[in-house]
Amino acid sequence: MNRTFWKEAVVYQIYPRSFQDSNGDGIGDLRGIISRLDYLQELGVDVVWLSPVYKSPNDDNGYDISDYEDIMDEFGTLGDWEELLNGLHTRGIKLMMDLVINHSSDEHAWFLESRSSKDSPYRDYYIWRPAGPDGEMPNNWSSIFSGPAWELDEKTGEYFLHLFSRKQPDLNWENPKLRDALYKMMAFWLDKGVDGLRMDVINMISKVEGLPSAHQEGLAPGELAGGGEYYMNGPRVHEYLQEMNRKVLAKYDVMTVGETPGATVEDAILYTAEDRQELQMVFQFEHMDVDSGPGGKWNVAPWTLTKLRDILHKWQVGLAEQGWNSLYLNNHDQPRMVSRFGDDGEYRVISAKMLATLLHTLKGTPYIYQGEEIGMTNVKFSRLEDYKDIEIHNMYREKVTEGGGDHDTILNAIHSKGRDNARTPMQWDSSANAGFTEGTPWLKLNPRYEEINVEQALADPDSIFYYYQKLIRLRKEHPIMVYGDYELLLPEHENIYAYTRTLEGERWLILLNFCETPQTVELLDELNAVTETIISNYPEEQAAMDRGTLRPYEARVCRLGS
Ligand code: NOJ
């Protein structure tokens with residue numbers, strides 16, 4: 001397996017709206033990020049992935065772009081962006097930009113042109129279809145943000161496709177002119193020195209010809225269905241990505257990760273096998289569905305370690321020889337990992353460190369989401385209006401306001417799964433608004449900021465922050481953490497995830513207890529072979545006392561002798 005920078009890197013994701021405000025308008029901005037670069041350097045990360053900062057009416061917080069080559073007013077100017085890039089580079093940190101090219105904003109000049117007339121040269125930049133004989137929609141697909149995926153445009157009397165909100169029309173990748181315009185825009189940023197691209201829902205860019213209606217058991221006439229099978233990992237997606245490589249990516253030294261909901265291991269190999277020249281890695285979603293019941297994420301179901309481990313294990317084995325894994329337990333679309341997979345009460349610090357150990361010792365490239373490194377937790381706002389996310393509001397309207405569903409059940413689901421869990425402002429200190437802003441924050445803070453914040457973490461040598469710092473440093477010192485082969489132990493255990501990593505005669509044992517009761521580790525040979533504890537979330541002396549027992553949420557990484 002080739003050794004490369006992007007396999008060895010640790011990435012830190014910034015959601016700019018919620019990171020640091022510098023001008024008191026309550027919205028995070030580029031100058032705010034610039035003021036926090038020393039913090040990122042101290043953590044030790046190699047790459048910053050910046051969620052979108054381009055011009056946007058913010059229907060979906062920047063994932064609806066109205067000008068790909070300029071910066072959102074609230075975030076600053078291109079000059080600020082250049083300064084941010086330089087500031088990162090001076091500190092040896094690379095910059096990965098978010099590339100949102102499955103759709104644009106409906107306020108993008110291309111769409112304004114496109115909707116102006118059926119004869120516009122930009123008409124085919126988007127996906128337009130005539131209404132059916134009785135005015136019905138072209139097919140029965142639902143939008144990922146609830147409601148139909150089609151919007152009727154009065155001006156020309158046709159529908160346009162939007163897999164996300166109605167202000168996010170899908171771009172028509174069948175059109176080579178559109179593709180070339182996007183490649184040109186990518187070169188604009190790469191020429192400025194951008195080091196990486198995270199490609200938003202990139203596996204949705206190719207739709208099945210004819211856009212057929214989805215078939216689903218028991219569907220009433222006129223009822224909506226998902227339709228994902230007709231646009232996820234579609235027929236031409238690999239052709240497009242290979243073309244993108246030939247025309248743009250191959251000319252630069254650039255790190256790439258594709259966001260690919262619904263991708264299987266087999267799909268991921270096609271996207272990331274090195275000889276195929278598409279992407280370096282993808283974000284898979286299977287482990288993010290581990291607590292979803294039938295009908296999707298809002299039907300919250302209990303997760304088990306067995307289920308979670310089976311998924312992660314399948315991906316470890318599946319991409320062992322070809323392709324490469326990205327590793328993440330949360331991001332701006334997911335609840336906070338410590339609330340979801342650990343314990344955000346008594347064992348918050350210990351369990352956050354345990355999950356951090358998993359993230360840095362599986363094989364793949366770890367992605368840390370802002371605030372994860374201080375153990376930020378989910379929020380439970382009691383008023384719906386305190387939530388700002390379009391996905392939450394659309395879903396609530398569909399299920400409760402229009403669908404007659406139970407308010408409390410849905411509010412509970414929002415507490416567990418809502419994206420705003422991840423988007424509450426970064427908690428820097430215990431002062432008003434946690435040092436995030438001097439104005440009124442765009443989204444309320446998590447009330448726990450007085451207890452959980454960066455200032456507190458930096459002052460405590462046992463903090464989650466320093467544990468991340470150590471894990472990141474260890475990855476640099478020990479190639480086994482990056483390149484070592486992975487092998488699962490105790491495959492049936494209900495509470496322990498145990499595995500080894502092996503490289504060139506060196507062997508490490510990783511033991512993770514996922515629950516709040518002590519667990520016996522039935523691995524006599526391995527435990528007897530332990531020569532050294534490399535890192536643990538409990539003090540060393542205690543770990544040595546009873547090697548055969550893992551305390552609540554204990555994580556231990558040990559070197560094994562032969
Ligand atoms: C995935 C992004 O991560 C999410 O935040 C966004 O809403 C959708 N794609 C649409 O761009």
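Remember, it's a predicted structure, so these values are computed and weren't measured experimentally.

**Topic: the overall build of the protein**
Right, on to step 1. For the protein, the count of helices and strands is 19 helices and 22 strands.
Right, on to step 2. Its C-alpha atoms give the protein a radius of gyration of 24 Å, near enough to 24 Å, the size a compact globule of 562 residues would have.
Right, on to step 3. When contacts within the protein are restricted to residue pairs at least 6 apart in sequence, those whose partners lie at least 24 apart make up 71%.
Right, on to step 4. Looking at the protein as shown, the accessible area adds up to about 21500 Å², and 48% of this sits on carbon and sulfur atoms.
Right, on to step 5. Considering the protein, the positive charge centre built from 55 side chains and the negative charge centre built from 92 side chains are found 2 Å apart.

**Brief notes about the domain arrangement of the protein**
Right, on to step 1. Split into domains, the protein comes out as domain 1 (1–99 + 325–379 + 424–481), domain 2 (109–161), domain 3 (178–207 + 230–302) and domain 4 (484–560).
Right, on to step 2. Measuring from the centre of the C-alpha atoms in domain 3 to the corresponding centre in domain 4 gives 35 Å.

**Some points on the layout of surface pockets**
A probe as big as a water molecule, rolled over the atoms, marks out the empty space that is left.
Right, on to step 1. Counted as a void, the largest pocket has a volume near 1400 Å³.
Right, on to step 2. Around the largest pocket, the lining is made up of 47 residues, and of these Ser143, Ile144, Gly296, Lys297 and Glu391 lie nearest the centre.
Right, on to step 3. Put simply, the parts of the chain that give the lining of the largest pocket at least two residues each are strand S13 (296–300) and helix H12 (390–401).
Right, on to step 4. Considering only residue class, the lining of the largest pocket consists of 16 nonpolar, 16 polar and 15 charged.

**Side note on empty space enclosed by the protein**
Right, on to step 1. Scanning all chains against the criterion turns up three cavities of 30 Å³ or more.
Right, on to step 2. Roughly 110 Å³ of volume is contained in the largest cavity.
Right, on to step 3. Around the largest cavity, the lining comprises 13 residues; the ones closest to its centre are His287, Leu312, Ser326, Leu327 and Tyr328.
Right, on to step 4. Secondary-structure elements contributing two or more residues to the lining of the largest cavity are helix H9 (305–318), strand S14 (326–327) and helix H11 (348–361).
Right, on to step 5. Broken down by element, the residue count for the lining of the largest cavity peaks at three residues, all from H9.

**Quick word on the sheet that holds strand S7 (residues 150–153)**
Right, on to step 1. Strands sit in the order S6-S8-S7 across an open sheet of three strands; the sheet is antiparallel. Each edge of the open sheet carries a strand with a single partner, namely strand S6 (128–130) and S7. Ignoring which end each strand starts from, the neighbouring axes of this sheet average 35° apart.
Right, on to step 2. For S6 and strand S8 (residues 158–161), the ladder comprises three bridges, and the chain directions are antiparallel. Paired with Arg129 across the bridge in S8 is Tyr159.
Right, on to step 3. Packed onto the sheet, helix H5 (residues 109–116) meets S6, S7 and S8 and runs at close to 20° relative to S6.

**Observations regarding the side chain of Asp429**
Right, on to step 1. With respect to the secondary-structure elements, Asp429 resides in the loop between helix H14 (420–423) and helix H15 (454–459).
Right, on to step 2. One buried charged residue, Asp429, forms no salt bridge at all, with the nearest opposite charge on Arg36 at 5.4 Å.
Right, on to step 3. Only 2.6 Å separates the side chain of Asp429 from the side chain of Ser431, close enough to count as a polar contact.
Right, on to step 4. Every residue in contact with Asp429, bar those within four places of it in the chain, is listed here: Ala434, Gly435, Tyr449, Asn453 and Glu455.

**Remarks on the environment of Pro221**
Right, on to step 1. Looking at the secondary structure, you find Pro221 in the loop between strand S9 (196–199) and helix H7 (237–247).
Right, on to step 2. Distance in space between the C-alpha atoms of Pro221 and Asn140 is 9.4 Å, their sequence separation being 81 residues.

**Some thoughts on the UniProt feature "domain: Glycosyl hydrolase family 13 catalytic" (unreviewed entry) in the protein**
Right, on to step 1. Those residues carrying the UniProt feature "domain: Glycosyl hydrolase family 13 catalytic" (unreviewed entry) are residues 13–423 in this numbering.
Right, on to step 2. Taken end to end, residues 13–423 has its terminal C-alpha atoms 12 Å apart, with 31% of it in helix and 14% in strand.

**Focus: the nonpolar core**
Right, on to step 1. Among the nonpolar cores identified, the biggest contains 159 residues, and Trp81 and Tyr497 are the most heavily contacted of them.
Right, on to step 2. In this structure Tyr497 touches Leu305, Arg309, Leu312, His313, Leu358, Leu362, Tyr486, Leu488, Ile510, Leu511, Leu512 and Phe514, once residues within four positions along its chain are discounted.

**A closer look at the environment of Tyr252**
Right, on to step 1. Relative to the elements of secondary structure, Tyr252 occurs in the loop between H7 and strand S10 (255–259).
Right, on to step 2. Looking at Tyr252, the relative accessible area reads 24%, which means it is partly exposed.
Right, on to step 3. Through-space distance from the C-alpha of Tyr252 to that of Glu158 is 40 Å; in sequence the pair is 94 residues apart.
Right, on to step 4. Apart from the residues lying within four places of it in its own chain, the contact partners of Tyr252 are Ala187, Leu190 and Asp191.
Right, on to step 5. A distance of 2.7 Å separates polar atoms of two side chains, one belonging to Tyr252 and the other to Asp191.

**Let's talk about the pairing of S8**
Consecutive side chains along a regular strand alternate between the two faces of the sheet.
Right, on to step 1. Here S8 shows two buried faces, one formed by Glu158 and Phe160 and the other by Tyr159 and Leu161.
Right, on to step 2. In this sheet, S8 lies alongside S7 in antiparallel orientation, the contact comprising four bridges. Its bridge partner lying in S8, Leu152 is registered against Tyr159.
Right, on to step 3. Count of turn residues in the S7/S8 antiparallel hairpin: four residues, of which Gly157 carries a positive phi of about 70°.

**Observations concerning the site of the ligand**
Right, on to step 1. Lining the immediate surroundings of the ligand are 13 residues, of which Asp60, His103, Asp200, His332 and Asp333 lie closest.
Right, on to step 2. Asp333 places a polar side-chain atom, nitrogen or oxygen, 2.4 Å from an oxygen atom of the ligand.
Right, on to step 3. A distance of 2.9 Å is found between an oxygen atom of the ligand and a side-chain nitrogen or oxygen belonging to Arg419.
Right, on to step 4. Here the ligand loses 97% of its free accessible area of 290 Å² to cover by the protein chains.
Right, on to step 5. When atom positions are compared with the pocket grids, the ligand is found to occupy the largest pocket.
Right, on to step 6. There are two domains that each give the shell around the ligand at least three residues, and those are domain 1 (1–99 + 325–379 + 424–481) and domain 3 (178–207 + 230–302).

**Side note on the sheet that holds strand S16 (residues 485–489)**
Right, on to step 1. Read from one edge of the open sheet, five strands run S16-S17-S18-S22-S20, paired in antiparallel fashion. Single-partner strands in this sheet number two, and they are S16 and strand S20 (530–536). Pairs of neighbouring strands in the sheet enclose a mean axial angle of 25°, with direction left out of account.
Right, on to step 2. In this sheet, strand S22 (residues 555–560) lies alongside S20 in antiparallel orientation, the contact comprising five bridges. Opposite Glu532, over in S22, you have Arg559 as the bridge partner.
Right, on to step 3. Docked against the sheet, H9 engages S16 and strand S17 (496–503), running at close to 15° with respect to S17.
Right, on to step 4. Together, S20 and S22 form the strand contacts of helix H16 (residues 464–477), whose direction differs from that of S20 by roughly 130°.

Reading guide: rules and limits
Residues numbered from 1 in each chain as written. Predicted model: local features only at pLDDT ≥ 70, side-chain atom pairs only at ≥ 80, totals over all residues. Heavy atoms only, no water. Helix = DSSP H or I, 4+ residues; strand = E, 2+ residues; numbered from the N terminus. Rg over C-alpha atoms; globule rule 2.2 N^0.38 Å. Contact = heavy atoms within 4.5 Å. Areas by Shrake-Rupley, 256 points an atom, 1.4 Å probe, with all protein chains shown as cover. Lys, Arg positive; Asp, Glu negative; His and termini not counted. Charge placed at Lys NZ, Arg CZ, Asp CG, Glu CD. Domains from an automatic or database assignment. 1 Å grid on protein atoms, 1.4 Å probe; cavity = no way out; pocket = protein on both sides within 12 Å on 5 of 7 lines; lining within 4 Å. Points joined across faces, edges and corners; volume = space filled by probe spheres on them. Nonpolar A, V, L, I, M, F, W, Y, C, P; charged D, E, K, R; others polar. Pairing = 2+ DSSP bridges. Axes fitted to C-alpha atoms, helices over the stretch in contact; angles between N-to-C directions. Buried < 20%, exposed > 50% of the residue type's maximum accessible area, 1.4 Å probe, protein only. Salt bridge = Lys/Arg side-chain N within 4 Å of Asp/Glu carboxyl O. Polar contact = N/O pair within 3.5 Å; in protein donor to acceptor, adjacent residues only side chain to side chain. UniProt positions renumbered as here; feature names shortened; annotations may be inferred. Core = buried A, V, L, I, M, F, W, Y, C linked by side-chain atoms within 4.5 Å. Near = heavy atom within 4 Å. Sits in = over half its atoms within 2 Å of the grid points.

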